[in-house]
Amino acid sequence: MASSESLWSTLSAPLIRQNPVTLQILGICSALAVTTSLDTALTMAASLTVVVVVAAGVISLIRRHIPSAIRLIIQIIIIASIVIVIDQVLKAWFFELSQRLSVFVSLIATNCIVLGRTESFARSNPPLRSMVDALGSGLGYGLVLVLVGACRELFGMGKLLGMQVLPLAESGGWFTPLGLMLLAPSAFFLLGGLIWALRSIWPEQAEAPEFPPYSRGPTDTGEAR
Amino acid sequence: MGDIGALFLRAMFAENMPLTYFLGLCTFLALSRRTETALGLGIAITVVMGVTVPLNQAIYNGVLAPGAWRWAGMPDVDLSYLSLLTFIGTVAASVQLLEMVMERFLPRLHASFGAFLPLLAIQCAILGGSLFMVERRYDFVEATVYGVGSGAGFALAVVMLGAIRTRLAYADLPSGLRGLGISFVLAGMMSLGFSSFAQMAAQ
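Owing to the predicted nature of the structure, the values given are computational and were not obtained by experimental measurement.

The rules behind these values
Starting afresh in each chain, residues are numbered from 1 along the sequence in its written order. Note on labels: chains are lettered from A, ligands numbered from 1, in written order. In keeping with the model being predicted, local features are shown solely for residues with a pLDDT of at least 70 and side-chain atom pairs are shown and tallied solely at 80 or more, while totals for entire chains, interfaces and linings include all residues. Only hydrogens and water are set aside; all other atoms, that is, all heavy atoms of the structure, feed into the side-chain values. Here a strand is any run of E in DSSP of at least two residues, a helix any run of H or I of at least four, and the numbering for each starts at the N terminus. Under the scheme applied here, a residue whose accessible area is under 20% of the maximum for its type counts as buried, over 50% as exposed, and between as partly exposed, the area being computed with a 1.4 Å probe on protein chains only. Pairs of residues are marked as contacts when any of their non-hydrogen atoms sit within 4.5 Å. Only the protein chains shown count as covering a residue, and every accessible area follows the Shrake-Rupley method with a 1.4 Å probe. Radius of gyration here is computed from C-alpha atoms only, and the compact-globule reference equals 2.2 Å multiplied by the residue count raised to the power 0.38. The residues that make up patches have over 30% relative accessible area and no salt bridge, and they are joined within 9 Å when like-charged or within 5 Å when they are Val, Leu, Ile, Met, Phe, Trp or Tyr. One speaks of a salt bridge when a side-chain nitrogen belonging to Lys or Arg is within 4 Å of a carboxyl oxygen belonging to Asp or Glu. Put simply, Ala, Val, Leu, Ile, Met, Phe, Trp, Tyr, Cys and Pro go in the nonpolar bin, Asp, Glu, Lys and Arg in the charged bin, and everything else, Gly too, in the polar bin. Remark: nonpolar core denotes a set of buried residues (Ala, Val, Leu, Ile, Met, Phe, Trp, Tyr, Cys) joined through side-chain atoms within 4.5 Å. An axis is simply a line fitted to the C-alpha atoms; with a helix, the fit covers only the stretch in contact. Between two such axes, the angle follows the N-to-C directions and lies from 0 to 180 degrees. Geometric relationships in this document are graded by angle, where less than 35 degrees denotes roughly parallel, more than 145 denotes roughly antiparallel, 65 to 115 denotes roughly perpendicular, and other angles denote oblique. By convention the crossing between two helices is left-handed if the near helix lies anticlockwise of the far one by an angle smaller than a right angle, and right-handed if it lies clockwise. Expected span of a helix, by definition, is 1.5 Å for each gap between consecutive residues, and there is one gap fewer than residues. Pairs of N or O atoms are called polar contacts if they sit within 3.5 Å, as long as, within protein, a hydrogen donor faces a hydrogen acceptor (for residues adjacent in sequence, only side-chain-to-side-chain pairs). Two aromatic rings from Phe, Tyr or Trp, using only the six-membered ring of Trp, form a pair when their centres are within 6.5 Å; if the ring planes differ by under 30 degrees the pair is stacked, by over 60 it is edge-to-face, and anything between is tilted. Predictor confidence is given residue by residue as pLDDT, running from a minimum of 0 to a maximum of 100.

What to know about the overall build of chain A
Move 1: The secondary structure content of chain A amounts to eight helices and two strands.
Move 2: Put simply, chain A has 225 residues, and 45% of those count as buried.
Move 3: Taking as baseline every contact in chain A between residues at least 6 positions apart, the subset at least 24 positions apart corresponds to 71%.
Move 4: Surface exposure of chain A reaches about 11,000 Å², of which carbon and sulfur atoms provide 68%.

This is how it looks when you write it as structure tokens:
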């Protein structure tokens, strides 16, 4: 069926090829600080996915009643209210985890992905489609977060989700933890490398050079991209 | 006095917003192509943070904090769950107000970096500054110093990144790394440099 197929492509497109983080530079603000270990990254990814799906659903439901002059304020208030709920839930049931996430759960409210999806998609589409689209973006964001988080925890401490995967050298194994992976710069390097890899696979995503090299003839311009 | 100075330096260098806490990275990366735009953005952020963090501190302690309504005979009222919503409102309102005031009284300044002000209404670094202020229980003076310090730190970092990216304009990078990719690697290296400030602050 055509409609279910387009729903599937709405869901799967933002996962890798149109990933909101690597392609559109959206939502990295609050993303990287929570990736020192896999469990905080997973929590953050889950929270953001819930927020973006619920926000898209709500805004899509009332999209005909929002006056367009004040739509941004309404969207921000809806998003912030959902974020507050998530924050309180985390504090009530996962207190230790929420302490480690510190202010970053609250900062989902300013995450560009959420506002971007509600503003560009949910405002003009029916609820089901908007929520599927939001789920795709949330999962795409989560994928990047989990990937970076897993790398940092695995190479920084030799653990995954708190369990020792690589035997440490100091306890008789062979793995020496890389301290750099636990520090802030490694997240930048990992994400930069990830973007490089993705854009090498799909060269059409690469940005044009700001100052293209001087070309001597009309034949060269095609190659200079 | 020494504490205040130390707090300023810590907010500016050791706990640099974009490079240590990854806050405000969207604007950090998107507006650092030119040094002039970066400088405008940096000044705007410093001003907005210098205003909003102490303002939010006053609102939080006067209205929202647990026990703030004790004078009215309601010591059990705890409105702190509303702080996020309030902070977003305060930041958006002060940005709007600042823009209007600048347009009216300082039109030349407004023309040079007023374009960035609306962008700052929803900016992780600014909101993050207010949230950190609550988490660390700063008083009013500390909040002011912290706000200006982290704004200045953001300005420093974004101008430096802008300067490096201008130098890289003629570099022949692999096509996949161009633009966003190399900015991340650059930011990572700057972050390495800034993490040595954290060592200095610890001593």
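Here's the deal with the overall build of chain B
Move 1: Helix and strand counts for chain B stand at nine helices and zero strands.
Move 2: Moving toward the C terminus, one meets the helices and strands of chain B in the order α-α-α-α-α-α-α-α-α.
Move 3: Here the C-alpha radius of gyration of chain B, 18 Å, is about what a compact globule of 203 residues would show, namely 17 Å.
Move 4: With the principal axes as the frame, chain B shows a C-alpha extent of 70 × 45 × 35 Å.
Move 5: Every one of the 203 residues in chain B was classed for burial, and the buried ones make up 50%.
Move 6: As displayed, chain B offers around 9,200 Å² of accessible surface, 67% of which is attributable to carbon and sulfur atoms.

Quick notes on a nonpolar patch on the surface
Residues and elements named next belong to chain B.
Move 1: On the surface, a cluster of nonpolar side chains totalling about 600 Å² of accessible area is made up of Leu97, Met100, Val101, Phe105, Leu106 and Leu109.
Move 2: Considering every element that reaches the nonpolar patch, the biggest residue donor is helix H5 (residues 83-105), with four residues.
Move 3: As for its position among the elements, Leu109 is in helix H6 (residues 107-113).

Observations concerning the interface of chain A and chain B
For interface size, the figure often reported is the accessible area lost on association.
Move 1: The interface of chain A with chain B comprises 42 residues on the first partner and 40 residues on the second.
Move 2: Counting across the chain A and chain B interface gives zero salt bridges.
Move 3: A breakdown of the residues in the side of chain A that touches chain B according to their chemical character gives 29 nonpolar, nine polar and four charged.

Section: the nonpolar core
Move 1: Counting residues in hydrophobic clusters, the biggest one holds 101 residues, and the most contacted among them are Leu191(A), Leu23(B), Phe28(B), Leu120(B) and Phe184(B).
Move 2: Ranked by the residues each element gives to this core, the list is headed by helix H2 (residues 38-61) of chain A, at 10 residues.
Move 3: Excluding residues that lie within four positions of it along the chain, Leu120(B) makes contacts with Leu41(B), Ala44(B), Ile45(B), Val48(B), Val91(B), Val95(B) and Ile126(B).

Points about the packing of H5(B) against helix H7 (residues 124-135) of chain B
All names here are of chain B.
Move 1: The contact between H5 and H7 brings their axes to 10 Å, and the two run at 135°. One element, H5, and the other, H7, form an angle in the oblique class. Regarding H5 and H7, the two cross each other, and that crossing is right-handed. Between H5 and H7, the residues in contact are Leu84, Phe87, Ile88 and Val91 and Ile126, Leu127, Ser130, Leu131, Met133 and Val134, respectively.

With respect to the environment of Met131(A)
Residues and elements named next belong to chain A.
Move 1: Looking at the secondary structure, you find Met131 in helix H6 (residues 127-157).
Move 2: Taking the relative accessible area as the measure of exposure, Met131 reaches 34% and is therefore partly exposed.
Move 3: Sequence separation between Met131 and Thr10 is 121 residues, and the spatial gap between their C-alpha atoms is 10.0 Å.
Move 4: If we ignore the near neighbours within four places in the chain, the residues touching Met131 are Val53 and Gly57.

Details of helix H8 (residues 140-167) of chain B
Move 1: Counted at 1.5 Å a residue, the expected span for H8(B) with its 28 residues is 40 Å, and the 41 Å between its end C-alpha atoms agrees.
Move 2: Between a side-chain oxygen at the N-terminus of H8(B) and the backbone nitrogen of Val141(B) the separation is 3.3 Å; the capping residue is Asp139(B).

Topic: the side chain of Ser32(B)
All names here are of chain B.
Move 1: Note on placement: Ser32 falls in the loop between helix H3 (25-30) and helix H4 (35-64).
Move 2: Assessed through its relative accessible area of 0%, Ser32 is described here as buried.
Move 3: Looking at Ser32, its side chain comes within polar contact range of the main-chain oxygen of Leu29, at 3.4 Å.
Move 4: Once you skip the residues sitting within four places of it in the chain, Ser32 turns out to touch Ala38, Val158, Leu161, Gly162 and Arg165.

A few points about the packing of aromatic side chains
Residues and elements named next belong to chain B.
Move 1: Counting across every chain of the model gives eight aromatic pairs over all chains.
Move 2: Ring centres of Tyr21 and Phe132 lie 4.8 Å apart, and the angle between their planes is 40°; on these two criteria the pair is classed as tilted. Of the two residues, Tyr21 is situated in the loop between helix H2 (17-20) and H3 and Phe132 in helix H7; the sequence distance between them amounts to 111 residues.
Move 3: We classify Tyr21 as buried; its relative accessible area is 19%.

Points about the pattern of salt bridges
Move 1: According to the stated counting rule, one finds eight salt bridges over all chains in the structure shown.
Move 2: As a salt-bridge pair, Arg136(B) and Glu15(B) come within 2.9 Å of each other at their nearest N and O atoms. On the criterion of sequence distance, the pair formed by Arg136(B) in the loop between H7 and H8 and Glu15(B) in the loop between helix H1 (2-14) and H2 is long-range, its members being 121 residues apart.
Move 3: Its relative accessible area of 24% is what places Arg136(B) among the partly exposed residues.
Move 4: Classification of Glu15(B) as buried rests on a relative accessible area of 15%.
Move 5: A cluster of three or more residues bridged by salt bridges with shared partners is formed by Asp39(A), Glu96(A) and Arg100(A).

Here we look at the confidence of the model for chain B
Move 1: In the predicted model, chain B carries a mean pLDDT of 83, and 96% of its residues have values of at least 70.
Move 2: Taken over the whole predicted complex, pTM reads 0.81, whereas the ipTM for its chain interfaces reads 0.79.

Considering the packing of H2(A) against helix H3 (residues 71-93) of chain A
All names here are of chain A.
Move 1: Contact geometry for H2 and H3: axes closest at 10 Å, N-to-C directions at 140°. With respect to each other, H2 and H3 are oriented oblique. Every pair of crossing elements has a handedness; the one defined by H2 and H3 is right-handed. Judged by residue contacts, Thr43, Ser47, Val50, Val51, Val54, Ala55, Val58 and Ile59 of H2 engage Gln75, Ile78, Ile79, Ile82, Val83, Ile86 and Leu90 from H3.
Move 2: When the residues that make up the contact of H2 with H3 are grouped by side-chain class, the tally is 12 nonpolar, three polar and no charged.

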